[in-house]
Number of protein chains: 2
Amino acid sequence: MTDRAGRRRDSTRRESDRRDLGAMVHPVLRLLIAVELPILAAHEVSMWGYSVLTALDDGPVRTQATLAEAIGADKTRIIGTLDELQDAGLISRTPDPNDRRARLLEITDEGRRLRRAVRAEIRAKEESLLATLTPTERTAFVRALEKLSALSPEDLPDRGLS
Amino acid sequence: MTDRAGRRRDSTRRESDRRDLGAMVHPVLRLLIAVELPILAAHEVSMWGYSVLTALDDGPVRTQATLAEAIGADKTRIIGTLDELQDAGLISRTPDPNDRRARLLEITDEGRRLRRAVRAEIRAKEESLLATLTPTERTAFVRALEKLSALSPEDLPDRGLS
DNA sequence: TATTGTTATACTCTATAACTATA
DNA sequence: TATAGTTATAGAGTATAACAATA
């Protein structure tokens, strides 16, 4: 029924025959990045830059550290990105009058325009990816991603092994 | 109906309200890595090492470059990994008698044991992730990953924009 | 001359800690 | 003394090109 490598020789198929999730998610992410990079480059914005604009399009943020955590980055890592975005007039970064240590971060109208233009192009590309799925698969896939991306390692119970 | 940031204020929900796929897939991959790393460390094998063992458990490979491409790596990048695996007795690496430039790569019995033990632990952890999904979502999610991970950028047609 | 594997180099990303300015 | 932001440094990961052995 199965050969030496453990693959099934008959036509049956079990979910446990699948590859590890990581072995499938990794190439998918690479594919998404390959699709997005040319679009971002055409608009002269980096991946982190787009990520910052996306976060700020949901509303202003009071400190850089808060913003960094929201996009899964480090506070030291986004400084260069914020410099670029500010120089390009895509965000404003002003000291909070009530606490001059903090920087009030806000997207500008032009930043919003840029972010939404980029998103529209990315969505168009994503459409051609999702078009390879059936409607059922597509809906469930997106829903599953929303659920799983909200989990953190601490949410996982131990289940015997490991 | 929607506020300034474009979010819907009523209870309706559209798929287009979702985040970009990359913004969801990235944290999922990070979660999977966070789950796998402790398991791999306990067995003293690296991520690339496990990836190599997994590929070779499907059958031997005649050249290192072929193996590298199969796991989405560079031929120069896996050399250190192959050295470690060989030193640990997990793979064999012998010059092909017919073409002594090539190295015949094969997993050893111990390598196979290790790989399958690691996989079992990873699968157990993945179970607790997938348990957050409904059965329908789970099946479709895995099927969608299988489809999407098989795509390459060239498979994508241009669709107007970008 | 072409191919396989290896080594060397530089470049990017990231993590850590030290520093400043404000509180 | 503690916090927000910045800078500096070192480390890991990766990409590129040059090299040795074999064909």
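Overview of the structure. The structure presented is a predicted model; accordingly, all values stated were derived computationally and were not measured.

Our next topic: the side chain of Ser128(A). All names here are of chain A. Within the secondary structure layout, Ser-128 lies in helix 5 (residues 109–130). Exposure remark for Ser-128: the relative accessible area of 6% places this residue in the buried category. A distance of 2.6 Å separates a polar atom in the side chain of Ser-128 from the backbone oxygen of Lys-125.

All right, on to the pairing of strand 2 (residues 99–107) of chain B then. All names here are of chain B. Direction of pairing for strand 1 (residues 91–96) relative to strand 2: antiparallel, over a ladder of 6 bridges. Among the inter-strand pairings, Asp-96 is bridged to a residue of strand 2, identified as Asp-99. Here strand 1 hands over to strand 2 after 2 residues, the two strands then running antiparallel side by side.

Throughout the structure, instances matching the rule amount to 1 aromatic pair over all chains. Ring centres 5.9 Å apart and planes at 20° place the aromatic pair Phe141(A) and Phe141(B) in the stacked group. Here Phe141(B) lies in helix 6 (residues 135–149) and Phe141(A) lies in helix 6 (residues 135–149), a pairing that spans two chains. A relative accessible area of 1% means that Phe141(B) is categorised as buried.

For DNA strand D, the set of nearby residues contains 17 residues, the closest of which are Gln64(A), Ala65(A), Arg77(B), Arg100(B) and Arg101(B). Here, DNA strand D places atoms within 4 Å of the protein, and 62% of those atoms are sugar or phosphate. Within the side chain of Lys75(A), a nitrogen or oxygen atom sits 3.1 Å from a base nitrogen of DNA strand D. Between DNA strand D and Arg101(A) there is a distance of 3.1 Å, counted from a base oxygen to a side-chain nitrogen or oxygen.

It is worth spelling out the interface of chain A and chain B at this point. Residue-level contacts link 69 residues of chain A with 68 residues of chain B. Between chain A and chain B lies a buried interface of about 6,600 Å² when both sides are counted; carbon and sulfur atoms form 62% of it. Sorting the residues of chain A by area buried against chain B places Asp20(A), Leu21(A) and Leu148(A) first, and these three jointly supply 9% of that buried surface. The salt bridge involving Glu126(A) is made with Arg18(B); its shortest N-O contact spans 2.9 Å. On inspection of chain A and its partner chain B, the count reaches 20 residue pairs in polar contact (both at pLDDT 80 or more).

Calculation rules
Residues numbered from 1 in each chain as written. Chains lettered and ligands numbered in written order. Predicted model: local features only at pLDDT ≥ 70, side-chain atom pairs only at ≥ 80, totals over all residues. Heavy atoms only, no water. Helix = DSSP H or I, 4+ residues; strand = E, 2+ residues; numbered from the N terminus. Buried < 20%, exposed > 50% of the residue type's maximum accessible area, 1.4 Å probe, protein only. Polar contact = N/O pair within 3.5 Å; in protein donor to acceptor, adjacent residues only side chain to side chain. Pairing = 2+ DSSP bridges. Phe/Tyr/Trp six-rings, centres within 6.5 Å; stacked < 30°, edge-to-face > 60°. Near = heavy atom within 4 Å. Contact = heavy atoms within 4.5 Å. Buried area = accessible area lost by both parts, 1.4 Å probe. Salt bridge = Lys/Arg side-chain N within 4 Å of Asp/Glu carboxyl O.

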